[in-house]
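Fold and geometry: a report
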Amino acid sequence: MDNNGAIPVVQTVNLAKRYGEGVGTWALRGVNFSVEPGEFTAVVGASGSGKSTMLNMIGALDRPTSGDVIINGKHTSTLNDEGLAALRGDTIGFIFQFHYLLNEFSVLENAMMPLSIRKGGASRDELEWVKHLLAKVGLADKMKARPTQLSGGQQQRAAIVRALANQPKLILADEPTGNLDSQNGALVFDMLRELNSQFGIAFVLVTHDDRLAQEAERIVMVEDGHIVADYDVVKVEEEFKSV
Ligand SMILES: Nc1ncnc2c1ncn2[C@@H]1O[C@H](COP(=O)(O)OP(=O)(O)O)[C@@H](O)[C@H]1O
Ligand SMILES: [Mg+2]
């Protein structure tokens, strides 16, 4: 893909992951995958095919058994755990199926968490950025509320803002709509799409919902630890039309 010479936000090289010793379980068996800045990719595949493992490796939450993950040009295999955590904190945001908001804190405090736990804390501009995002996802009047006072969809939107707090280049989302009904799921998905186009943040999103996947720019299919298909949604749709 032509990306004006920008380096991929993430690239994997023969990425393999085995859980356990000896034969163990090979969850990934040689994955070569890269994400260009601003791309919106859906990852689909059966349960147990390796999607979450792939996301965890891409996000440097866990180390591969072999192969390498290059994040924003940095080979993660050369970094110690501290260096890895710093690179993650600067570059990547995470959204999970369950929001993991902390109920002892307000919505605003939860969304600020990635910034406030950093050495030096958050700047005034960062606080304004997070407030702006909360307003953007429709939570302007919920900033002081506790997470349990929100609906499921609102909680997931607060978690989305938390993932965006550090202004990441890449957001990894593991079934972010999996715990929502289809209407709220579609709302959250649309919001991710909008954040992607407005801020140019790349997304890699695992979903079970084929209809949502079709709304991505690119679909990657995972089967038994391999990528078995990787295609550009728009291009395929145009080819269909021209048949
Ligand atoms: N922490 C773990 N320990 C052992 N096996 C695991 C672990 N996590 C995942 N697996 C195994 O790795 C394979 C891929 O799992 P996963 O990446 O969670 O797939 P998916 O997200 O596509 O459902 C499965 O066989 C799963 O049982
Ligand atoms: Mg999974």
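A brief report on the enclosed structure follows. (Residues numbered from 1 in each chain as written. Chains lettered and ligands numbered in written order. Predicted model: local features only at pLDDT ≥ 70, side-chain atom pairs only at ≥ 80, totals over all residues. Heavy atoms only, no water.)

As a further point, take a nonpolar patch on the surface. A surface patch of nonpolar side chains, about 400 Å² in accessible area, is lined by L61, F96, F98 and Y100. Here L61 lies in the loop between α1 (51-58) and β4 (66-71). We classify L61 as partly exposed; its relative accessible area is 40%. (Patch = residues over 30% accessible without salt bridge, like charges linked within 9 Å, V, L, I, M, F, W, Y side chains within 5 Å. Areas by Shrake-Rupley, 256 points an atom, 1.4 Å probe, with all protein chains shown as cover. Salt bridge = Lys/Arg side-chain N within 4 Å of Asp/Glu carboxyl O. Helix = DSSP H or I, 4+ residues; strand = E, 2+ residues; numbered from the N terminus. Buried < 20%, exposed > 50% of the residue type's maximum accessible area, 1.4 Å probe, protein only.)

On to the packing of aromatic side chains, then. One pass over the full model with this rule turns up 5 aromatic pairs. Ring geometry for F96 against Y100: centres 6.0 Å apart, planes inclined by 70°, an arrangement best described as edge-to-face. Residue F96 is classed as partly exposed on the basis of its relative accessible area, which comes to 30%. Under the relative-accessibility criterion, Y100 is labelled exposed at 54%. It is R193 that lies over the ring of F40; its NZ or CZ is 4.6 Å from the centre. (Phe/Tyr/Trp six-rings, centres within 6.5 Å; stacked < 30°, edge-to-face > 60°. Lys NZ or Arg CZ within 6 Å of the ring centre and 35° of its normal.)

For α1, the buried fraction is high: 6 of the 8 residues fall into the buried class. Residues of α1 that are buried include every one of K51, T53, M54, L55, M57 and I58, and no others. Two residues or fewer past α1, A60 is found with a positive phi of approximately 55°.

Membership of the largest hydrophobic core comes to 42 residues, with the highest contact counts inside it found for V130 and L134. Those elements giving two or more residues to this core turn out to be β3 (40-44), α3 (107-116), α4 (124-136), α5 (152-164), β7 (170-174), α6 (182-199), β8 (202-206) and α7 (210-213). When sequence neighbours within four positions are dropped, the list of residues in contact with L134 reads V107, L108, A111, L139, A140, M143 and V161. In this structure, V9, L15, M57 and V220 belong to the second largest nonpolar core, which totals 26 residues. (Core = buried A, V, L, I, M, F, W, Y, C linked by side-chain atoms within 4.5 Å. Contact = heavy atoms within 4.5 Å.)

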